[in-house]
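# Chains, contacts and geometry: an overview
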Amino acid sequence: MLSRKERIDEFHLKLSRTEKEIYEEFLKTEEAELVLEMQQYFAEAKGHAGGIRFDNASLWSKIENRVRLWFAEISADRNQNENLIRRSKEAILHRMKNLLAKTIRESLGRK
């Protein structure tokens, strides 16, 4: 019997086809905009005395909220129960954490 679960890059859990489709849709529609926001945030943070903050009003909180809102919207549009496709949300947040770490390294001049 063929597995109905699929792997995606750098994520430890297998996803259903529906979860993978949602993940890929996020990459196509939202990822580039969030990466640009991260880059702008760190460019601005370099110039401020306070520097980079990771509190409730931080960049990561904003990213989590955007992902949560996008996910709720896409679940409603597709008439999907969010609990049944939660691994796609986990995969999206995992990818965003990796991109945030990459952006931090780049803004500090390391690769």
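Bear in mind the structure is a predicted one, so any value in this text is a computation, not a measurement.

The subject of this paragraph is the nonpolar core. With 25 residues, the main nonpolar core has Ile63 and Met96 as its most contacted residues. Looking at this core, the elements that each hand over two or more residues are helix H1 (17-29), helix H2 (31-47), helix H3 (59-77) and helix H4 (86-107). A total of seven residues in this core trace back to one element, the largest contributor, which is H3.

Okay, the packing of H3 against H4 next. Two numbers describe how H3 lies on H4: the axes approach to 11 Å, and their chain directions differ by 150°. Classed by the angle they form, the pair H3 and H4 counts as roughly antiparallel. For H3 against H4, the interelement crossing comes out right-handed. Of the residues in H4, those touching H3 at Leu59, Trp60, Ile63, Glu64, Val67, Arg68, Trp70 and Phe71 are Ser88, Lys89, Ile92, Leu93, Met96, Lys97 and Leu100. In terms of residue class, the contact of H3 with H4 is made up of 10 nonpolar, one polar and four charged.

The next subject is the environment of Trp70. You can see Trp70 is positioned in helix H3. Each residue touching Trp70, except ones within four places of it in the same chain, is listed here: Ile22, Glu25, Phe26, Thr29, Glu30 and Ile92.

Let's shift gears to H2. Between its first and last C-alpha, H2 extends 25 Å over 17 residues, near the 24 Å set by a 1.5 Å rise per residue. The inward-facing, buried residues of H2 contact H1, H3 and H4.

Looking now at the side chain of Ser107. In this fold, Ser107 is placed in helix H4. From its side chain, Ser107 meets the backbone oxygen of Ile104 in a polar contact 2.9 Å long. If near-sequence neighbours (up to four positions away) are discounted, Ser107 is found in contact with Phe42 and Lys46.

Below, the discussion takes up H4. A turn of α-helix holds 3.6 residues, and therefore any two residues three or four places apart point the same way. In this model H4 runs 31 Å from its N-terminal to its C-terminal C-alpha over 22 residues, within 8% of the 32 Å that 1.5 Å per residue would give. Among the residues of H4, those classed as buried are Ser88, Ala91, Ile92, Leu93, Met96, Leu99, Leu100, Thr103 and Ser107. Looking at the packing, one finds that the buried side of H4 touches strand S2 (15-16), H1, H2 and H3. A positive backbone phi angle near 90° is found at Gly109, which sits one or two residues after H4.

This next bit is on the pattern of salt bridges. For the coordinates displayed, the defined rule picks out eight salt bridges. Members of the salt-bridge network, linked through shared partners, are Glu30, Glu33, Glu37 and Arg66.

Conventions and cut-offs
Residues numbered from 1 in each chain as written. Predicted model: local features only at pLDDT ≥ 70, side-chain atom pairs only at ≥ 80, totals over all residues. Heavy atoms only, no water. Core = buried A, V, L, I, M, F, W, Y, C linked by side-chain atoms within 4.5 Å. Buried < 20%, exposed > 50% of the residue type's maximum accessible area, 1.4 Å probe, protein only. Helix = DSSP H or I, 4+ residues; strand = E, 2+ residues; numbered from the N terminus. Axes fitted to C-alpha atoms, helices over the stretch in contact; angles between N-to-C directions. Parallel < 35°, antiparallel > 145°, perpendicular 65-115°, else oblique. Left-handed = near helix turned anticlockwise from the far one by under 90°. Contact = heavy atoms within 4.5 Å. Nonpolar A, V, L, I, M, F, W, Y, C, P; charged D, E, K, R; others polar. Expected span 1.5 Å × (residues − 1). Polar contact = N/O pair within 3.5 Å; in protein donor to acceptor, adjacent residues only side chain to side chain. Salt bridge = Lys/Arg side-chain N within 4 Å of Asp/Glu carboxyl O.

Treat this as a map of the structure, not an account of what it does.
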